[in-house]
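# Structural description and commentary
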Amino acid sequence: MFRRSAVKQTTGRLSILGEVPGPARGVAPGGHRTPLARPGQTATTLGMSERATVLIVDAHRAVREELSFALDFDGWKTAEAADGPAGLERAQDPDVDVVLLDVKLPGMDGLEVLQKLKELRPELPVVMISGHGDLDTAVLAVRRGAYDFLQKPFESDRVLLSIRNALRTSRLQSENQ
């Protein structure tokens, strides 16, 4: 039996409850959809010819796993990194289409990773995530090139909307150049 963190949805927010027994990844308990998944809103039905890859960079394994589980289930490919340097290295892979990047990371701060990413891959959309962020941090992140800034706990629809919009905007910009 695979162990994973339980997820609870309360008014559209993703909450991590801790480790509980559960089925293997890709199968939600009882066959139900995960909190980020919405009927009719999968990666393949968003006008994308192929599944996009979302890189999740967060120091907390439970957050990475839950986001990855939910996004995988919704039709997105995912990759994960636990710290700034690893996230920077993984984001250089041309298969990565969008990045969810935490502000507080070991090894290299998320804002520093964002700045380096924008130097290496300026076209790559980055959505910043934080449980400790304030308005000043959000403004700084957007000024440095972040597409969006999301507060933890996540609102399910907001995460999907931000990823879809970031990817669509990036694709439109590349088509117009």
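Quantities reported herein were computed from a predicted structural model and do not represent experimental measurements. (Residues numbered from 1 in each chain as written. Predicted model: local features only at pLDDT ≥ 70, side-chain atom pairs only at ≥ 80, totals over all residues. Heavy atoms only, no water.)

Bringing the sheet that holds strand β6 (residues 126–130) into the picture now. Sheet architecture is open: five strands sit in the order β4-β3-β5-β6-β7, paired in parallel fashion. Two strands in the sheet have a free side with no partner beyond their single neighbour: β4 (77–81) and β7 (148–151). The average angle at which neighbouring strand axes cross in this sheet is 20°, direction not considered. Here strand β3 (residues 53–57) pairs with strand β5 (residues 98–102) via four bridges, running parallel. (Pairing = 2+ DSSP bridges. Helix = DSSP H or I, 4+ residues; strand = E, 2+ residues; numbered from the N terminus. Axes fitted to C-alpha atoms, helices over the stretch in contact; angles between N-to-C directions.)

What follows covers the environment of Pro122. Here Pro122 shows up in the loop between α3 (110–120) and β6. With 48 residues separating them along the chain, Pro122 and Ser170 place their C-alpha atoms 10.0 Å apart.

By size, the foremost hydrophobic cluster in this structure holds 23 residues, and its most contacted members are Leu55, Val99, Leu101 and Met128. Listed by contribution, the elements that provide at least two residues to this core are β3, β4, α2 (84–91), β5, α3, β6 and α4 (135–143). The dominant element in this core, judged by the number of residues it contributes, is α3, at four residues. Once residues lying within four places of it in the same chain are set aside, the contact partners of Leu55 are Ala79, Glu80, Ala81, Gly87, Arg90, Ala91, Val96, Val98, Val99 and Leu100. Residues Val54, Val127, Phe154 and Ala166 belong to the second largest nonpolar core, which totals 18 residues. (Core = buried A, V, L, I, M, F, W, Y, C linked by side-chain atoms within 4.5 Å. Buried < 20%, exposed > 50% of the residue type's maximum accessible area, 1.4 Å probe, protein only. Contact = heavy atoms within 4.5 Å.)

Moving on: the side chain of Lys118. Take Lys118: it is sitting in helix α3. Buried within the structure, Lys118 lacks any salt-bridge partner; its nearest side chain of opposite charge belongs to Glu123, at an N-O separation of 7.4 Å. A polar atom in the side chain of Lys118 sits 3.3 Å from the backbone oxygen of Pro122. Beyond its immediate chain neighbours, meaning those up to four positions away, Lys118 contacts Leu124, Pro125, Val126, Arg144 and Gly145. (Lys, Arg positive; Asp, Glu negative; His and termini not counted. Salt bridge = Lys/Arg side-chain N within 4 Å of Asp/Glu carboxyl O. Polar contact = N/O pair within 3.5 Å; in protein donor to acceptor, adjacent residues only side chain to side chain.)

Among the residues of α2, Gly84, Gly87, Leu88 and Ala91 are the ones counted as buried. Buried residues in α2, looked at end-on, bunch into an arc of 100°, giving them a common side. Summarising the contacts, the buried residues of α2 are in contact with β3, β4, β5 and α3. (Arc of directions from axis to C-beta.)

On to the pattern of salt bridges, then. By the definition in use, this model includes six salt bridges. We note a salt bridge from Asp58 to Lys152, for which the minimum N-O separation is 2.7 Å. Here Asp58, found in the loop between β3 and α1 (61–73), pairs with Lys152, found in the loop between β7 and α5 (156–175); they are 94 residues apart in sequence, far enough to count as distant. When its relative accessible area of 0% is taken as the criterion, Asp58 is described as buried. Each of the salt bridges in this network shares a partner with another, and the network as a whole consists of Asp58, Asp102 and Lys152.

Of the residues in the protein chain, 72% reach a pLDDT of 70 or more, and the chain-wide mean stands at 78. Below a pLDDT of 50 lies the segment residues 1–41, which in the model reaches 94 contacts outside its immediate sequence neighbourhood of four places, other chains included. Counting interchain partners and residues more than four positions distant, the pLDDT-below-50 stretch residues 43–49 has twelve contacts. (pLDDT = per-residue confidence, 0-100.)

A separate point is the pairing of β5. Along β5, five of the five residues are buried, which leaves the element largely enclosed by surrounding structure. Burial along β5 is two-sided: Val98, Leu100 and Asp102 facing one way and Val99 and Leu101 facing the other are all buried. Both β5 and β6 contribute to a ladder of four bridges, which runs parallel. For Asp102, the partnering residue across the bridge sits in β6 and is Ile129. Read as a crossover between parallel neighbours, the route from β5 over α3 to β6 is right-handed. (Right-handed = clockwise from strand over helix to strand, strands pointing away.)

Bringing unusual backbone geometry into the picture now. Across residues other than glycine, the phi torsion is negative in most instances, and most of the peptide bonds are trans. Residue Pro153 is reached from Lys152 by a cis peptide bond, and omega for that bond is -5°. Take Pro153: it is sitting in the loop between β7 and α5.

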